[in-house]
Amino acid sequence: MAGQGGKTAGARGAILTFKDYFPPTKGESQLLEAAGPFRSDPFVDSAPEELPFLGGTDTIRSCGGRKAADDSPPKGEEMKVQYVKRLRMGQRLEAPIRAAELPDGYVWLPWKEKLTDIHGRVIYQGFVHDLDGSIFPTFRNFDACLRLMRSVAASVNFLPRGTWLIARPKPLSPEGYEFCASIQGLRRGSSTAAIQNVVVRPEFRRQGLGRALLLKAMEGFLASGCRWTELTVTALTHPAIRLYERMGFEMRQIIYREVYLE
Ligand SMILES: CC(C)(COP(=O)(O)OP(=O)(O)OC[C@H]1O[C@@H](n2cnc3c(N)ncnc32)[C@H](O)[C@@H]1OP(=O)(O)O)[C@@H](O)C(=O)NCCC(=O)NCCS
């Protein structure tokens, strides 16, 4: 399915790519981060089931890395990309947000700059053996995860009050804690909070940490003046999609994200 990028947006049954939604501007099709606020999307209502999880492949010119973590080739070089189906989900933020409760033995660590690389490490540990780790090179590369988190923390849009770690005290360890889960937020526009990486390390899953992370971040987003929150998730990541649905997120849009094929 080479060269699907040029298919017509909205045509029933067509492969819809990111380029259809957000036509290339400067720097080519710069993915979700450039996408701006939600808009209603008739295509989502018309035929989501007909869209495959993996769209076509294409060869495009690199724009030199979308963010610090991105290992794509230098600007101008040809690179092969695969289109991966992602769901954009969102919900309104309204007080009161339910209290984020942790199981016994776990504690919240609020954002501090010195925790940047710990977040990066948890992102790596939580994604590397999951679907996203098999799809996105960043999530199976420890250093790229550190760079990803550093770029999130350095962003002018960084939302520290929506960025949390969950840990378990471990007094005899060098750091004093075992780090279990992470979430981060970025402001988009004036009142939207974009959730970045919701991740619970595999050995700590199914205890309510994922749900607690979302509630804690949403509380922080609201306190930061945001009135809407959104995220994107790979279409076949069932545990995460189920979690988001249970937490009140609704599907807003389907997009195809370009992934650099190494
Ligand atoms: C998605 C993820 C964060 C969930 O974390 P978690 O701590 O296990 O989630 P919780 O225990 O809070 O579960 C809350 C709800 O999510 C849903 N859920 C979580 N894991 C699930 C699974 N494996 N299968 C089905 N539903 C699941 C359930 O509805 C669950 O509620 P329930 O236990 O009452 O049925 C975790 O699986 C993860 O880190 N996955 C890898 C990273 C990832 O894909 N992140 C999402 C990026 S967009």
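Residues numbered from 1 in each chain as written. Predicted model: local features only at pLDDT ≥ 70, side-chain atom pairs only at ≥ 80, totals over all residues.

**Q** Pulling in residues and values, what's your account of helix α6 (residues 209-223)?
**A** An ideal rise of 1.5 Å per residue puts 21 Å on 15 residues; α6 measures up with 21 Å between its terminal C-alpha atoms. Within the span of α6, buried status applies to Leu209, Gly210, Ala212, Leu213, Leu214, Lys216, Ala217, Met218, Glu219, Gly220 and Phe221. Gly225 sits one or two positions beyond α6 and adopts a positive phi of about 95°. (Helix = DSSP H or I, 4+ residues; strand = E, 2+ residues; numbered from the N terminus. Expected span 1.5 Å × (residues − 1). Buried ≥ 20, exposed ≤ 12 C-beta atoms within 10 Å, placed from the backbone.)

**Q** So what about the environment of Ala181? Which residues, and what values?
**A** For Ala181, the location among the structural elements is in strand β5 (residues 177-183). On the neighbour-count criterion, Ala181 (24 C-beta atoms within 10 Å) is buried. For the pair Ala181 and Val200, spaced 19 residues apart in sequence, the C-alpha to C-alpha distance is 4.2 Å.

**Q** Describe the site of the ligand, and please don't skip the residues or the numbers.
**A** Every one of the 23 residues lining the ligand counts as a neighbour, but Arg205, Gly210, Arg211, Pro239 and Leu243 are closest to it. Elements supplying a minimum of two residues to the shell around the ligand: α3 (116-127), β8 (199-200), α6, β9 (228-234) and α7 (238-246). It is α7 that contributes the most residues to the shell around the ligand, six residues altogether. Classifying every residue of the shell around the ligand gives 10 nonpolar, six polar and seven charged. (Near = placed C-beta within 6 Å. Nonpolar A, V, L, I, M, F, W, Y, C, P; charged D, E, K, R; others polar.)

**Q** An account of the sheet that holds β5 is needed here, citing residue identities and associated values.
**A** The pairing of strands in a sheet comes from backbone hydrogen bonds and takes either a parallel or an antiparallel form. Spatially, the four strands line up as an open sheet ordered β3-β4-β5-β8, and their pairing is antiparallel. Whereas interior strands pair on both sides, the edge strands pair on one side only; in this sheet they are β3 (107-110) and β8. The sheet contacts of α6 involve β3, β4 (164-169), β5 and β8, and relative to β4 the element is tilted by about 135°. (Pairing = 2+ DSSP bridges. Contact = placed C-beta atoms within 7 Å. Axes fitted to C-alpha atoms, helices over the stretch in contact; angles between N-to-C directions.)

**Q** Before we move on, can you summarise unusual backbone geometry with the specific residues and values?
**A** The omega torsion across Ala95 and Pro96 is -5°, close enough to zero to call that bond cis. Among the secondary structure elements, Pro96 is positioned in the loop between β2 (78-92) and β3. Although it is not a glycine, Arg206 sits at a positive phi angle of roughly 60°. Within the fold, Arg206 resides in the loop between β8 and α6.

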